[in-house]
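Here are the chains, one letter per residue:
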Amino acid sequence: MAMKGRSLPEAFPDIPHSAFRPPHWLAGALLLALLPPPAGAQQPDSIPTDTLAPVVVTGVRLPTVRELARGLAGRTASLDAQDLDARGVRSLADALEQLPGVTTSDELGATAQMDVSLRGFQVSPVIGVPQGVTVYVDGVRANEPDAHEVNFDLLPLEDVERVEVVYGPSVLLGRNALGAAVNLVTRRGASPAARELEASGGSWGRYELKARAGARHGAWDYYVGARYEREGGWREDTRSRIGTLFAKLGLLNGTWDATLSYTGADNKIFQAGSLPESVAAANPRRNFTGGDYFAPRAHLVILNAQRLIGHTQLAINAFGRSLSSEQFNANFVGEDSRQRNATRIGGGAVQLSGKLPLGRRELRWLAGADADYEHVAVRIFAVPAGGGASPDSLTESVRTNQVNAGAFAGANLEVVPRLTATAAARYDWIRVPFEDLIDSTQSGLHVFRRLSPRGGLTWSGGRGHEVFASVSRGFRAPAIVELACADPQAACPLPFALGPDPALKPVVATTYELGWRVRASGGRVDASADVYRTDVRDDIFFIASTVTGGYFQNIGATRRGGVELAVQWRGSPPAGVRAYANYGYTRATFETTATLATTRDTAGETVTPGDELPMVPGHRVNAGLAVPVLHPRAPGTGVALLAGVDARYVGRQWLRGDEANVTRRLSDYAVADLSLTLAWRDLELRGAVRNMFDRRLFNFGTFAENPTAPGTPVQRWLTPGLPRHVQVSVNADF
């Protein structure tokens, strides 16, 4: 499905102009970055010696006592700012592609809105894709409430300190994580003060300006980052404009460690979608439905704070978020459509954690609760052909005021030397009312409740070795769009005609995992191996019964299983040599017999146990090497040159719409990228060539009618990947 259903403003006839204009706020950020530090900034920070030290624990939503989550999360991965900068990533999807078993695809034909497949579960900006990965920003859920999709273009990736990935259901991070949870931890000011400017340009008229500044003065710290990007697009009518602003104020003293942050985004992205296979092969730059675009404006405010109270640590989180957007779809079949969205979310969490003596052992524990309120309004308009004088006609107007509440607890205990047992659980209560503002008889209410447990054992051997085994269960409640479009007898015309259809069941996933990890040679070597199986009950799929309609449906059982291997080696400073390689084998299958509608056959298709899920490659390989060509003669005075190459291989995939696996698969492909970084004093010049061998590839495929061909046949539609392109940037620190 090459279109997006989105929730849009209930009360605004037109999307208003942004509250902040990119040239204005970017100029302000540039000025801030160039300002000298205040008087006294060169003096040592006067922070009390008993100040809380920032604690990094992967696998939990809010900060907690060190090592509490050990043995809880199973396999985890972390990408720091250096990893992101090394590849010049532009989106979270691009960043995650470095990890084993992660694949990106481009259903929308927009590089800022890629889909991600992780362990066979999807996270995407596209409605209709069964979402199985949850994304957080500083502990606040970024999945949209209308269909659990993630708008990657709204995330402040340029201002991220690290990206944490917790594989499998993550009961302590929050609800709806089936395959994994991703948490973006943003930067904060530090000492010494840092100010940085970067300008870049590249293929297809792309240019980007970035600025950031941060410092700590006494107990207070601040950080400000701004980004503005424009691009003409390599395909017809795919220009884009992306502007983000991020600011954080922090307090770090003997009592509190607290931050207050703001994230804003004002974007407009034109989308090309897929092409009939014959057209994609002859002219991949073609755009069949020029004019499709997504224009969001988002604001997010987050308060995070933690405090030691005796031997117990209190952590609190509060947030407010708004999103207003417009999605326009130009269609060959049926009328053009316009969606307008208004989403308002507010909520928070509280958590207590600590340690208790238990004989000669120490029990580490945490417990907490979270809740939020989500107001979503959806309006869908039919747009007159030719864009004439006739106004858009309102076809759907619905809203929901969803309430989510949850409680969680976890503990671990070293039962014998080097063997730690962990147990955790989460209980969720979700209330999803549905209100039709055009026909009140269509309104309805859904309530979901579920307990999600997790247990694990971790054995810590000598020389950095660790072995773990875990069993965990998670669930995802159906989203409002899925609940309102679930009747096979009344397929929803795209984007969607919403109503109180038969209730869908929540998706339940149970994961069994066994893994090994070693960190040796003073942290220079990091290797891991992992095997897993996830059994999914009542998975939700969008079933396209026609090219312009379909419905959501539960599938009795599906399964994801696989193996992940990874190794990384870092040379001793100042050499800076880095090498990595990882491999992911993923098998995602149906485990029940079901009849699904498909555009390929009006009689539908039958899937049987063992049929593979579409758009999940079986094999995925990443490898990279970064080598210093020139070393600086003296720190801070010489010239350094670093060369890097990254390569990836993606195996064959079944096209969406061929769940029965009876047609030809999407071809496998391999791509290599080259980068050169020249540094001298506080200046850095970086050049990158992506897809340097200019490989022709297609990273998404589906089936749809081709109205330009005689008889309007159903054909394979493919999305071409980016050809070779170049980017050059210059960076200066002050």
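None of the values given here were measured: they were computed from a predicted structure. (Residues numbered from 1 in each chain as written. Predicted model: local features only at pLDDT ≥ 70, side-chain atom pairs only at ≥ 80, totals over all residues. Heavy atoms only, no water.)

(A) Structural detail: the side chain of Thr186. Mapped onto the secondary structure, Thr186 falls in strand β8 (residues 180–186). At a separation of 2.5 Å, a polar atom in the side chain of Thr186 contacts the side chain of Asp138. Apart from the residues within four sequence positions on either side, Thr186 is in contact with Val137, Asp138, Pro156, Asp159, Val160, Glu161, Phe246 and Lys248. (Helix = DSSP H or I, 4+ residues; strand = E, 2+ residues; numbered from the N terminus. Polar contact = N/O pair within 3.5 Å; in protein donor to acceptor, adjacent residues only side chain to side chain. Contact = heavy atoms within 4.5 Å.)

(B) Spotlight on the pattern of salt bridges. Applying the stated criterion to the full structure yields 47 salt bridges. The salt bridge involving Arg119 is made with Glu564; its shortest N-O contact spans 3.0 Å. With Arg119 in the loop between β3 (115–118) and β4 (121–123) and Glu564 in strand β26 (residues 549–570), the pair connects residues that are 445 residues apart, well separated along the chain. Neither residue differs from the other here; Arg119 and Glu564 are each classed as buried. Between Asp673 and Arg648 there is a salt bridge, with the nearest N and O atoms lying 3.0 Å from each other. A residue pair is termed long-range when its members are at least 10 positions apart, and Asp673 in strand β32 (residues 669–680) and Arg648 in strand β31 (residues 639–650) qualify at 25 residues. Looking at Asp673, the relative accessible area reads 5%, which means it is buried. In this structure Arg648 comes out as buried when scored by relative accessible area, which is 16%. (Salt bridge = Lys/Arg side-chain N within 4 Å of Asp/Glu carboxyl O. Buried < 20%, exposed > 50% of the residue type's maximum accessible area, 1.4 Å probe, protein only.)

(C) Quick look at unusual backbone geometry. That bond from Ser191 to Pro192 is cis: its omega, 5 degrees, falls within 30 degrees of zero. One can find Pro192 in the loop between β8 and β9 (194–202). In this model, Asp237 sits at a positive phi of 55 degrees, which is unusual for a non-glycine residue. Inspection of the secondary structure puts Asp237 in the loop between β11 (220–231) and β12 (240–252). At Asn691, a residue that is not glycine, the phi angle is positive and equals roughly 55 degrees. Here Asn691 shows up in the loop between β33 (683–690) and β34 (698–705). On the basis of relative accessible area, Asn691 is assigned to the buried category, the value being 4%.

(D) Examining a nonpolar patch on the surface more closely. A cluster of nonpolar side chains, contributed by Val629, Leu630, Val639, Leu678, Trp680, Leu683, Leu685, Val726, Val728 and Val730, occupies part of the molecular surface with about 800 Å² of accessible area. Listed by contribution, the elements that provide at least two residues to the nonpolar patch are β30 (619–630), β32, β33 and β36 (725–733). Checked against the element boundaries, Val730 lands in strand β36. (Patch = residues over 30% accessible without salt bridge, like charges linked within 9 Å, V, L, I, M, F, W, Y side chains within 5 Å. Areas by Shrake-Rupley, 256 points an atom, 1.4 Å probe, with all protein chains shown as cover.)

(E) Expanded view of the sheet that holds β3. Taken together, three strands build an open sheet; the order of strands is β2-β3-β4 and the sheet is antiparallel. If you trace the sheet from one side to the other, it starts and ends with β2 (102–105) and β4, each paired once. The sheet shows a mean angle of 25 degrees between the axes of neighbouring strands, direction not considered. Sheet analysis places β2 next to β3, joined by four bridges and oriented antiparallel. The residue of β3 that forms the bridge with Thr103 is Ser117. (Pairing = 2+ DSSP bridges. Axes fitted to C-alpha atoms, helices over the stretch in contact; angles between N-to-C directions.)

Don't take any of this as a statement about function, it's just geometry.
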